[in-house]
Every structure is written in structure tokens, then in C-alpha cells.
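A look at the structure
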Amino acid sequence: MSSLSRMKIPFSLCEMRRQQARWICAGTFAAATSLYAASPFVTLWSISSAIQSHDMHGLGQTLRWNSVRDSLKTQAIDELIGEKPADDDLPEFGSSFASTAVSNAIDVHVNEDNLGEIVDHLVPQGQGATTVSPIMFLQRMHARFVKPGLFETSIVMPGHENETPLRLQMRIHAFQWKIHRIDLPTARQPLMEASATQAQPPAITRH
């Protein structure tokens, strides 16, 4: 075998190994990306399964309680106080007192011990949580990645079809997706629709 041939064999082996390494890296990246994209849906499935089985301890493990309470406080205070009109006579002390009362009430009542009551409130009587399957939740769900590390989903809750969807935001904490924000269903705002037809000018009658 010539010296040139002996040089080509090691070169071909090195090139083959580099090609294999590239394929392994590409495959690993594709697998990791797929697992990452599927992971929030797996968490949502576990959440819906916990609701169905009324496993409040398991459901509580998916919540970042401090962040969830803060989001509920913001929503409740906005619903209670809203935007103050220009001629509102309510002093700042009144708004502050109401905000403090709402905040304290959420701190006391929104916890793992009362989680079952909150879930029962979201699923009305006659449609108990045990009758709502995970598949039913997934069928009612709209989900998307807002950005890497932030996942958002909205769910039309049974019995609340005429209200806004339940909205959840999840973030990765300690390598696990957890709910950081909850927007509870509220009454939909009435839509102001303008008439598409314009008034016809009065007809001119000749005498």
C-alpha cells in the first residue's frame, strides 16, 4: 500500500467520526427541544388529573403560592375598586383600606388547606371535578409559549362558558413547570356594536 493510501484511511476515519458526532449532537438537540416543548403539556395533564381525582396535595405542588396569591390580589382589587372616576369622593384611605382587606383575605384563605373549596367553586355543582376528565380539559384549552421559560394557557371552565376563560401562566422553577399566575373567570364585558346601516335621508315628495 502506498504512503498516500495510508494517509487517506485515517483522514476518512476522522471525517466519519466528525460526521457521527454532528449527527449525535443534532439528535440530542432535537430530543431535548421536543422534551422541553412537551413538558408544560405533561404538567397540564398532571394538573387536570389531580383535579379529577381531587388530589389537592398533588395540585398544590404545581403552584408557586406567593406568586399565585399576588396575581389573585391584583385581579380582586381591580375588580373591587376599578378605575376611579374623576369626581370620585372615595378618599385614598378608603381605597387603601379595601386593598388591604382583600389582600389579607387572600393570604388567609388561598392556601393548600382551602384549595379543594377553590376548585369546587370553579367547577359548579352538578359538574363535580371528578366528572371532568383530563381529555375534556385539553379539548377546552388554548396553550402557547409566550417566550422561553414562560407558558400560558386559557381554559373554558365547565359551567362558565359565558365568562372569560381561566388563564394560567407557568414558569420553570427548579427544573419544573409551576403555575405563577392565575386569572379567574369573570363576567364578559358587553360589546358596544355600532349599527352598520346608516339612516336613509327623508324622501322628497313632490306636490
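It should be noted that the structure appears before, not after, this text.
Nothing here was measured: the structure is a model prediction, and the numbers come from that model. (Residues numbered from 1 in each chain as written. Predicted model: local features only at pLDDT ≥ 70, side-chain atom pairs only at ≥ 80, totals over all residues. Heavy atoms only, no water.)

This paragraph deals with the nonpolar core. Of all hydrophobic cores here, the largest spans 26 residues; its most connected members are Ile47, Leu59, Leu63, Met170, Ile179 and Ile182. Only helix H1 (3-52), helix H2 (56-60), helix H3 (65-81), helix H4 (92-109), helix H5 (115-122), strand E2 (150-155), strand E3 (166-173) and strand E4 (176-183) provide two or more residues apiece to this core. For this core, the leading source of residues is H1, giving four residues. Setting aside chain neighbours within four positions, we find isoleucine 47 in contact with Leu59, Thr62, Met170 and Ile179. (Core = buried A, V, L, I, M, F, W, Y, C linked by side-chain atoms within 4.5 Å. Buried < 20%, exposed > 50% of the residue type's maximum accessible area, 1.4 Å probe, protein only. Helix = DSSP H or I, 4+ residues; strand = E, 2+ residues; numbered from the N terminus. Contact = heavy atoms within 4.5 Å.)

This brings us to unusual backbone geometry. Phi angles above zero are rare outside glycine, and histidine 54 is one such case at about 55 degrees. You can see histidine 54 is positioned in the loop between H1 and H2. Histidine 54 gets classed as partly exposed once you look at its relative accessible area, which sits at 35%. Of note, the phi angle at alanine 174 is positive, near 55 degrees, even though the residue is not glycine. Here alanine 174 lies in the loop between E3 and E4.

Under the criterion given, the structure shown has six aromatic pairs. Each ring, one from tyrosine 36 and one from phenylalanine 145, has its centre 5.5 Å from the other, and the planes form 25 degrees; the classification is stacked. Of this pair, tyrosine 36 sits in helix H1 while phenylalanine 145 sits in strand E1 (residues 141-147), placing them 109 residues apart in sequence. Ring-pair connections join several aromatic residues into one group, and the members of that group are Tyr36, Phe41, Phe145, Phe151 and Trp177. (Phe/Tyr/Trp six-rings, centres within 6.5 Å; stacked < 30°, edge-to-face > 60°.)

The next thing to look at is the sheet that holds E3. With antiparallel pairing, four strands are arranged side by side in an open sheet as E1-E2-E3-E4. Every other strand in the sheet has two partners, leaving E1 and E4 as the edge strands with one partner each. Neighbour-to-neighbour, the strand axes of this sheet turn through a mean angle of 25 degrees, independent of strand direction. With six bridges connecting them, E2 and E3 associate as antiparallel partners. Counted as the bridge partner of leucine 150 is arginine 171 from E3. (Pairing = 2+ DSSP bridges. Axes fitted to C-alpha atoms, helices over the stretch in contact; angles between N-to-C directions.)

The rolling of a water-molecule-sized probe over the atoms marks out the regions of remaining empty space. By volume, the largest pocket is sized at about 640 Å³. Secondary structure elements with two or more residues in the lining of the largest pocket: H1, H3, H5, E3 and E4. Take the lining of the largest pocket: its biggest share by element is six residues, from H3. Among the residues making up the lining of the largest pocket, the classes are represented as 26 nonpolar, five polar and two charged. (1 Å grid on protein atoms, 1.4 Å probe; cavity = no way out; pocket = protein on both sides within 12 Å on 5 of 7 lines; lining within 4 Å. Points joined across faces, edges and corners; volume = space filled by probe spheres on them. Nonpolar A, V, L, I, M, F, W, Y, C, P; charged D, E, K, R; others polar.)

A separate point is the environment of glycine 60. Secondary-structure assignment places glycine 60 in helix H2. As for glycine 60 and lysine 178, which are separated by 118 residues in sequence, their C-alpha atoms are 9.7 Å apart. Setting aside anything within four residues of it in sequence, one finds glycine 60 in contact with Trp65 and Leu115.

Okay, the pattern of salt bridges next. Applying the stated rule across the entire model yields three salt bridges. The shortest N-O distance in the salt bridge between glutamate 152 and arginine 144 comes to 3.2 Å. The closest approach of N and O atoms between arginine 181 and aspartate 183, which form a salt bridge, is 3.2 Å. According to the relative accessible area criterion, arginine 181 is partly exposed, its value standing at 31%. (Salt bridge = Lys/Arg side-chain N within 4 Å of Asp/Glu carboxyl O.)

Bringing H5 into the picture now. What H5 keeps buried is the set Leu115, Gly116, Val119 and Leu122. Taken down its axis, H5 places every buried residue within 120 degrees of arc, on the same side. Along H5, the residues that are exposed and aim more than 90 degrees away from the buried face are Glu117 and His121. (Arc of directions from axis to C-beta.)

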